[in-house]
Amino acid sequence: MLVRNPASIPRHAAPGLPPARPPVRLRDGIAWLCWVVVVVAAGASVGVLFSPGAWYDALAKPTWHPPAWLFGPVWTLLYALLGTGVWLVSREPGPAAEAARPQAWLAFGVQAVLNLAWTPLFFGLRSPASAFVDIVLLWGAVLWMTLAFGRVRPLAGTLQVPLVAWVSFALVLNGTLWLMN
C-alpha cells in the first residue's frame, strides 16, 4: 500500500481543505490597484467637495481632537486597506466564499453609502447631529462588513479592524463636537 504525504496532495484535491487560491498575476495586481484607487478616490473626492473650512475651524473642540493634517493620511490608509479587502473578497475561490460573498458585497455597499454621506452631512449641511446619526449607522455597517469580509477571507476582515477602530474614535469625536457646539 502506498502512503502519500498529505503535503504532496494539491489543495484542490485534498478532502476537507478549501480550494487553492489562484496565483497572483499581473492582471490581479492591476485589479487590486484599481480597487484601491477607486475606493481612495471616492473618499478623497467627497473630502474635496466638502472641505471643513472656517465653520469647522471655529467649532469648540475637545483637547484630544487630532491635528487637522492627520485626517487625510489616516483616511487614505483606511481606504487603501478597504480596497485591498474588497479585492481579496472578489477573488476568493470556493463554494464557501461564493455563499458568503453576496452578504459581503451588501455590507460593503451599505457602509460605502453611509461613509460617503457623513462628510456632506457634517461639513456640507454643517449638521453634527445628522452626521452623528449617520456615523452610528456607519459603525454598525463597518462592523457587519468586517465580519462578512472575514467569512469570505479572514485576511480581508482583519484588514478592516483599523477602520472599525477609527470609526469608533470618529463616532465619539462627532458626538463630542455635537455636544460642545
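This text gives an overview of the structure that appears in the document. These numbers were taken from a predicted model, which means no experiment stands behind them.

Moving on, we come to the overall build of the protein. Across its full length, the protein carries 7 helices and 0 strands. Here the protein, with 181 residues, has 40% of them falling under the buried criterion. Of the roughly 10,100 Å² of accessible surface on the protein, 73% is carried by carbon and sulfur atoms.

Below, the discussion takes up helix 5 (residues 128–152). With 25 residues, helix 5 ought to run about 36 Å at 1.5 Å a step, and its terminal C-alpha atoms sit 35 Å apart, in line with that. Taken together, the buried positions of helix 5 are Pro128, Ala131, Asp134, Ile135, Leu138, Ala141, Val142, Met145, Thr146, Ala148, Phe149 and Val152. Check the buried side of helix 5 and you find it contacts helix 2 (53–58), helix 3 (68–91), helix 4 (95–124), helix 6 (154–158) and helix 7 (161–180).

Of the pockets and cavities examined, the largest pocket occupies roughly 700 Å³. Lining the largest pocket are 30 residues, with Phe71, Trp75, Trp118, Thr119 and Phe123 positioned closest to its centre. Breaking the lining of the largest pocket down by element, the ones donating at least two residues are helix 1 (26–49), helix 2, helix 3, helix 4, helix 5 and helix 7.

Here we take up unusual backbone geometry. Phi is positive for Arg126, close to 55 degrees, though the residue is something other than glycine. By secondary structure assignment, the location of Arg126 is in the loop between helix 4 and helix 5.

For the rest of this paragraph, the subject is the nonpolar core. Where a protein is soluble and globular, its nonpolar side chains tend to be buried together. Counting 44 residues, the largest nonpolar core has Leu82, Phe122 and Phe149 as its most contacted members. Broken down by secondary-structure element, the contributors of at least two residues to this core are helix 1, helix 2, helix 3, helix 4, helix 5 and helix 7. Per-element tally for this core: the top contributor is helix 3, with 10 residues. If sequence neighbours within four positions are ignored, Leu82 has contacts with Val39, Phe108, Gln111, Met145, Phe149 and Gln160.

What counts, and at which threshold
- Residues numbered from 1 in each chain as written.
- Predicted model: local features only at pLDDT ≥ 70, side-chain atom pairs only at ≥ 80, totals over all residues.
- Heavy atoms only, no water.
- Helix = DSSP H or I, 4+ residues; strand = E, 2+ residues; numbered from the N terminus.
- Buried < 20%, exposed > 50% of the residue type's maximum accessible area, 1.4 Å probe, protein only.
- Areas by Shrake-Rupley, 256 points an atom, 1.4 Å probe, with all protein chains shown as cover.
- Expected span 1.5 Å × (residues − 1).
- Contact = heavy atoms within 4.5 Å.
- 1 Å grid on protein atoms, 1.4 Å probe; cavity = no way out; pocket = protein on both sides within 12 Å on 5 of 7 lines; lining within 4 Å.
- Points joined across faces, edges and corners; volume = space filled by probe spheres on them.
- Core = buried A, V, L, I, M, F, W, Y, C linked by side-chain atoms within 4.5 Å.

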